[in-house]
Amino acid sequence: MKNKLLFISLIAVFMIILAGCGEKKTAEENSSTNTNEEAAQVHEESTNENGTRTIEYLGESYEVPEKVERIVVTGAMEAMEDMVVLDVHPVGAIAVGGKFPELYAAVTDKAESIGEKIKPNFEKILELDPDVILGSTKFPEEVQSKLEKIAPTILVSHISTNWESNLNLLAELTGKQAEAEKILSTYKADIEDAKSTLTAKLEGKKVAAIRIRGGQAYVYPKEVFLNPVLYGELGLEVPGEIAKAKSQEAISIEQLADMNPDYLFVQFSTDENADAPNALEDFKKNPIIQNINAFKNEQVFVNVVDPLMEGGPAFSRITFLEAIQQNLDK
């Protein structure tokens, strides 16, 4: 009997010990859970309080929202072209002649006009409540200052050699780095393919691109307009008149005849020739021009890319390279 009572007492003590351990474990689990919840709450509060990130672009740092969804583009045609290749749809975009150009139609379906290229409508931009504003390095300081009071503002470079940085900037803002990387790698591979077929064919030949504005023909430095593709990437011979150009420079009929290109790309926009709507036809009919090799051999190509294209951005380069291959690699 005593042994039986002792056995029961031991079992009771053992049960009490187990219960105590269970309560301690539960308390520890509750404490751990509370700690994790508090940590999560601290992290969430930190994200909410800050809610920004820092990105680097051409040696400058910019603080932008963690998630950029509402972008306004003003002045930077380069940014508009990058939006097309990355399929980014801004809430505000540049109008040309009061409307969005067909060139950007694929991404302006949800956009509102924020004014013309060099005339931003600050009130409209403010109304759109952008996360980020992409302006142009051509803007004066007073315009930049007004934009910065509305939202974080990044001035996109108009220098064509910064085209990859421009594309990567938009990609980083919108989380499309993989798409940008693919675009760049594909383009560079296409350049190498084009060089393999065009280099020998065009050896000793002159290839040039001009733009007609206000009835006047212009040439550009080898790093500007469509020239980087022709001379920098495809490695074609640089005509002397282009090598000497420091900026957009007028070229006379006689000077163009002296250059005597074998292949000539001509860009002509009616918007840029409102006072000389027949300038292109007059140009082609000029007897001096008709004696140029490119005209005699029917190797003149007009508006192979949209006249509004800047020439430097990825969209311009991809489109122009395709045009070169279609017209010169025959």
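Residues numbered from 1 in each chain as written. Predicted model: local features only at pLDDT ≥ 70, side-chain atom pairs only at ≥ 80, totals over all residues. Heavy atoms only, no water.

(A) Geometry of the environment of V266. Mapped onto the fold, V266 is located in strand 12 (residues 263-268). Sequence separation between V266 and V305 is 39 residues, and the spatial gap between their C-alpha atoms is 9.7 Å. Residues within four places of V266 in sequence aside, it is in contact with I210, I212, L280, V300, F301, V302 and N303. (Helix = DSSP H or I, 4+ residues; strand = E, 2+ residues; numbered from the N terminus. Contact = heavy atoms within 4.5 Å.)

(B) Expanded view of the packing of aromatic side chains. Inspection of the entire model under this criterion finds five aromatic pairs. An aromatic cluster is present here, built from F265, F301 and F320 joined pairwise through their rings. (Phe/Tyr/Trp six-rings, centres within 6.5 Å; stacked < 30°, edge-to-face > 60°.)

(C) Structural view of the packing of helix 2 (residues 77-86) against helix 5 (residues 163-174). Interhelical geometry of helix 2 versus helix 5 gives an angle of 60° and a closest axis separation of 10 Å. Classified by the angle between their axes, helix 2 and helix 5 sit oblique to one another. Where helix 2 crosses over helix 5, the two elements pack in a sense that is right-handed. Contact with helix 2, carried on its side by E78, A79, D82, M83, V85 and L86, involves N166, L167, L170 and A171 of helix 5 and no other residues of that element. Class assignment of the residues belonging to the contact of helix 2 with helix 5 gives a composition of seven nonpolar, one polar and two charged. (Axes fitted to C-alpha atoms, helices over the stretch in contact; angles between N-to-C directions. Parallel < 35°, antiparallel > 145°, perpendicular 65-115°, else oblique. Left-handed = near helix turned anticlockwise from the far one by under 90°. Nonpolar A, V, L, I, M, F, W, Y, C, P; charged D, E, K, R; others polar.)

(D) Up close: unusual backbone geometry. Backbone geometry at F225 places phi at a positive 70°, although glycine is not the residue there. According to the relative accessible area criterion, F225 is buried, its value standing at 4%. Backbone geometry at N303 places phi at a positive 50°, although glycine is not the residue there. One can find N303 in the loop between strand 13 (300-302) and helix 12 (314-328). (Buried < 20%, exposed > 50% of the residue type's maximum accessible area, 1.4 Å probe, protein only.)

(E) Highlighting the sheet that holds strand 11 (residues 249-250). Ordered by their spatial adjacency, five strands build an open sheet running 11-10-9-12-13, and the pairing between neighbours is mixed. Of all strands in the sheet, those with a lone pairing partner are strand 11 and strand 13, marking the two edges. The sheet contact formed by strand 10 (residues 216-219) and strand 11 spans two bridges and is antiparallel. Counterpart to V219 in the pairing with strand 11 is E249. Lying on the sheet, helix 12 is in contact with strand 9 (207-213), strand 12 and strand 13; it crosses strand 12 at an angle near 135°. (Pairing = 2+ DSSP bridges.)

(F) Region of the structure containing the pairing of strand 2 (residues 60-65). Here strand 1 (residues 52-57) pairs with strand 2 via six bridges, running antiparallel. Across the sheet, residue R53 finds its bridge partner in strand 2, namely V64. Taking the residues between adjacent antiparallel strands as the criterion, strand 1 and strand 2 are bridged by two residues, where L58 takes a positive phi near 50°.

(G) Geometry of the pattern of salt bridges. Tallying each qualifying case throughout the model produces eight salt bridges. Between E127 and K124 there is a salt bridge, and its shortest N-O distance comes to 3.1 Å. One end of the pair is E127 and the other is K124, both in helix 3 (residues 122-128) and three residues apart, which spans about a single turn. Using a relative accessible area of 17% as the deciding quantity, one classes K124 as buried. In this structure, the salt-bridge partner of K188 is E164, at a minimum N-O distance of 3.0 Å. On the criterion of sequence distance, the pair formed by K188 in helix 6 (residues 177-201) and E164 in helix 5 is long-range, its members being 24 residues apart. Owing to a relative accessible area of 40%, K188 belongs among the partly exposed residues under this scheme. (Salt bridge = Lys/Arg side-chain N within 4 Å of Asp/Glu carboxyl O.)

(H) Spatial organisation of the packing of helix 2 against helix 12. Remark: helix 2 packs on helix 12, axes separated minimally by 7 Å, with the N-to-C direction vectors making an angle of 70°. On the basis of the axis angle, helix 2 is roughly perpendicular to helix 12. Of the residues in helix 12, those touching helix 2 at E81, D82, V84 and V85 are A314, F315 and S316. By residue class, the composition of the contact of helix 2 with helix 12 is four nonpolar, one polar and two charged.

(I) Representation of helix 5. The terminal C-alpha atoms of helix 5, which comprises 12 residues, lie 17 Å apart, in line with the 16 Å expected from a rise of 1.5 Å per residue. Turning to helix 5, its buried residues are W163, N166, L167, L169, L170, A171 and L173. Looking at the residues trailing helix 5, positive phi occurs at G175, about 75°. (Expected span 1.5 Å × (residues − 1).)

(J) Region of the structure containing the confidence of the model for the chain. Here the chain shows a mean pLDDT of 88. Residues at 70 or above account for 85%. This model gives residues 1-48 a pLDDT under 50, and the stretch forms one contact once residues within four places in sequence are excluded. (pLDDT = per-residue confidence, 0-100.)

(K) The arrangement of the pairing of strand 8 (residues 153-156) in detail. Neither face of strand 8 is exposed, since T153 and L155 on one face and I154 and V156 on the opposite face are all buried. Two strands pair when backbone bridges link them, and strand 7 (residues 132-136) and strand 8 are joined in this way by four bridges, in the parallel orientation. Across the sheet, the residue bridging to I133 is T153, located in strand 8. As a crossover connection, the stretch from strand 7 through helix 4 (residues 141-148) into strand 8 is right-handed. (Right-handed = clockwise from strand over helix to strand, strands pointing away.)

(L) Local environment of a negative patch on the surface. Taken together, the side chains of D190, E192, D193 and E322 define an acidic patch exposed on the protein surface. In terms of residue count, helix 6 provides more of the negative patch than any other element does, three residues in total. Following the sequence through the fold, E192 ends up in helix 6. For E192, a relative accessible area of 47% translates into the label partly exposed. (Patch = residues over 30% accessible without salt bridge, like charges linked within 9 Å, V, L, I, M, F, W, Y side chains within 5 Å. Areas by Shrake-Rupley, 256 points an atom, 1.4 Å probe, with all protein chains shown as cover. Lys, Arg positive; Asp, Glu negative; His and termini not counted. Charge placed at Lys NZ, Arg CZ, Asp CG, Glu CD.)

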